[in-house]
Protein chains: 2
Amino acid sequence: MFSKSTEYALRATIYIAQKSSKELKLGIKAIAEGTDSPPSFTAKILQELTRDNKIISSVSGPNGGFYITEEAKKLPVRSILDAMDEDGMLYRCILGLNQCSETKPCPMHIQYKHIKEQLINLFETKTIQELAADIRDGEIFINND
Amino acid sequence: MFSKSTEYALRATIYIAQKSSKELKLGIKAIAEGTDSPPSFTAKILQELTRDNKIISSVSGPNGGFYITEEAKKLPVRSILDAMDEDGMLYRCILGLNQCSETKPCPMHIQYKHIKEQLINLFETKTIQELAADIRDGEIFINND
DNA sequence: ATAATTAAAGATATATTTATCTTTAATTAT
DNA sequence: ATAATTAAAGATAAATATATCTTTAATTAT
């Protein structure tokens, strides 16, 4: 469905939202371990999410690390896809046709339409906060242990 | 959603199912043009679909080309994903976790579950024949013209 | 049989994705 | 101020996906 980069971005963001606060920042190593992701690659990805503090915030130096603001936690999960330049995935034709639309549908368009709408709805309405809350509450996991 | 290879495979198969018969085979050039796909890459992909005549059949030489048997037309669209080794996509965790399951769900599992079921259902029940019939009947398109 | 046509197979090329490593800059504690 | 710590930035490497081109094999028409 998504690229590895985006998977790591989603996992890292959810993990940070669950475990960190402005007072308790997370280092790259902890994040990578907590989400079963390669550390240096995750670092690169967090740079993208941190750019302009769009989604993740960071501070260099001792006791530095990554955290997410309460404001950013309210962003829809879709904003992570946006930051990774993969939001197009949600809206594309499932057969990869550029011209596919209501008036010029591909053979799978009508069937896929409903599914696509639900996918879009999921990513546009579910917030980072909500996913992190789930993980905190019950038996929800963000790694492979 | 899918790789370019799989998109081309889906488009080519549907196109062949709609336009060809054992009597009227289609050349690689016609298929590539009809589906807005790169010819030589499409040729490679058709080799995979033709292997063991699993999905597409082919004949070399003059008046040769690609066609699909009535039997193969009855295969679910999923069999194309199988042939392209991309059927895993339908069943994977949306966050890319190996251990994600009912009993060990990722933060998106419960929400995504319903959508995934519909995706699987679409690809497992819809046949190649049905998609080709749609395209024949009405205003359904398989290219970008 | 020969020539023409077409797909199959194989070699190669290019682009993109995934991943790591090194250097730099920022921040903090002492 | 200095040293230590941490992320940012940049360079590089490896793997995979995408794409093309050439040679071979199969088939058909003549």
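Details of the structure are given in the entry above.
Structure report, in brief.

1. What about the interface of chain A and chain B?
Facing the 38 residues of chain A at the interface are 38 residues of chain B. Buried surface at the junction of chain A and chain B, summed over both partners, amounts to about 3,700 Å²; 64% is from carbon and sulfur atoms. It is A:Met1, A:Pro107 and A:Asn144 in chain A that bury the most area against chain B; as a group they hold 17% of the surface buried on that side. Across the pair B:Arg92 and A:Glu7 runs a salt bridge, and its minimum N-O distance is 3.0 Å. Counting across the interface, chain A meets chain B through 11 residue pairs in polar contact (both at pLDDT 80 or more). Mapped by element, the contributors of at least two residues to the side of chain A that touches chain B are helix 1 (4-19), helix 7 (109-125) and helix 8 (128-137) of chain A. Residue contributions to the side of chain A that touches chain B peak at 7 residues, all from helix 7 of chain A.

2. With respect to the protein's contact with DNA strand C
In the vicinity of DNA strand C lie 26 residues, with A:Tyr8, A:Pro38, A:Pro62, B:Lys44 and B:Ser58 positioned nearest. Contact between DNA strand C and A:Tyr8: a phosphate oxygen at 3.0 Å from a side-chain N or O atom of the residue. For DNA strand C, a phosphate oxygen lies 3.2 Å from a polar atom in the backbone of B:Ile28. Mapped onto the surface near DNA strand C, the elements with two or more residues apiece are helix 1 and helix 3 (39-50) of chain A together with helix 3 (39-50), strand 1 (57-59) and strand 2 (65-67) of chain B.

3. What about the relation of the copies chain A and chain B?
In screw terms, the move from chain A to chain B is a rotation of 180° and a rise of 0.0 Å along the axis, fitting with an RMSD of 0.0 Å. Expressed as a symmetry operation, the mapping of one chain copy onto the other fits a two-fold axis. The C-alpha atom lying nearest the rotation axis in chain A is that of A:Met1; the distance is 2.3 Å. Both copies present the same face, since 100% of the interface residues in chain A are matched by interface residues at the equivalent positions in chain B.

4. Considering helix 1 (residues 4-19) of chain B
The terminal C-alpha atoms of helix 1 of chain B, which comprises 16 residues, lie 22 Å apart, in line with the 22 Å expected from a rise of 1.5 Å per residue. With 13 of 16 residues buried, helix 1 of chain B lies mostly within the body of the structure.

5. Focus: the packing of aromatic side chains
Residues and elements named next belong to chain A. Taken as a whole and assessed by the stated rule, the structure comprises 4 aromatic pairs over all chains. Ring plane angle 75° and centroid distance 5.5 Å describe the contact between Phe 2 and Phe 123, whose orientation is recorded as edge-to-face. Of the two residues, Phe 2 is situated in the segment before helix 1 and Phe 123 in helix 7; the sequence distance between them amounts to 121 residues. Judged by relative accessible area, which is 7%, Phe 2 ranks as buried. When its relative accessible area of 0% is taken as the criterion, Phe 123 is described as buried.

Criteria and thresholds
- Residues numbered from 1 in each chain as written.
- Chains lettered and ligands numbered in written order.
- Predicted model: local features only at pLDDT ≥ 70, side-chain atom pairs only at ≥ 80, totals over all residues.
- Heavy atoms only, no water.
- Contact = heavy atoms within 4.5 Å.
- Buried area = accessible area lost by both parts, 1.4 Å probe.
- Salt bridge = Lys/Arg side-chain N within 4 Å of Asp/Glu carboxyl O.
- Polar contact = N/O pair within 3.5 Å; in protein donor to acceptor, adjacent residues only side chain to side chain.
- Helix = DSSP H or I, 4+ residues; strand = E, 2+ residues; numbered from the N terminus.
- Near = heavy atom within 4 Å.
- Least-squares fit on C-alpha atoms with pLDDT ≥ 70 in both.
- Expected span 1.5 Å × (residues − 1).
- Buried < 20%, exposed > 50% of the residue type's maximum accessible area, 1.4 Å probe, protein only.
- Phe/Tyr/Trp six-rings, centres within 6.5 Å; stacked < 30°, edge-to-face > 60°.

Keep in mind these numbers describe shape, not what the thing actually does.
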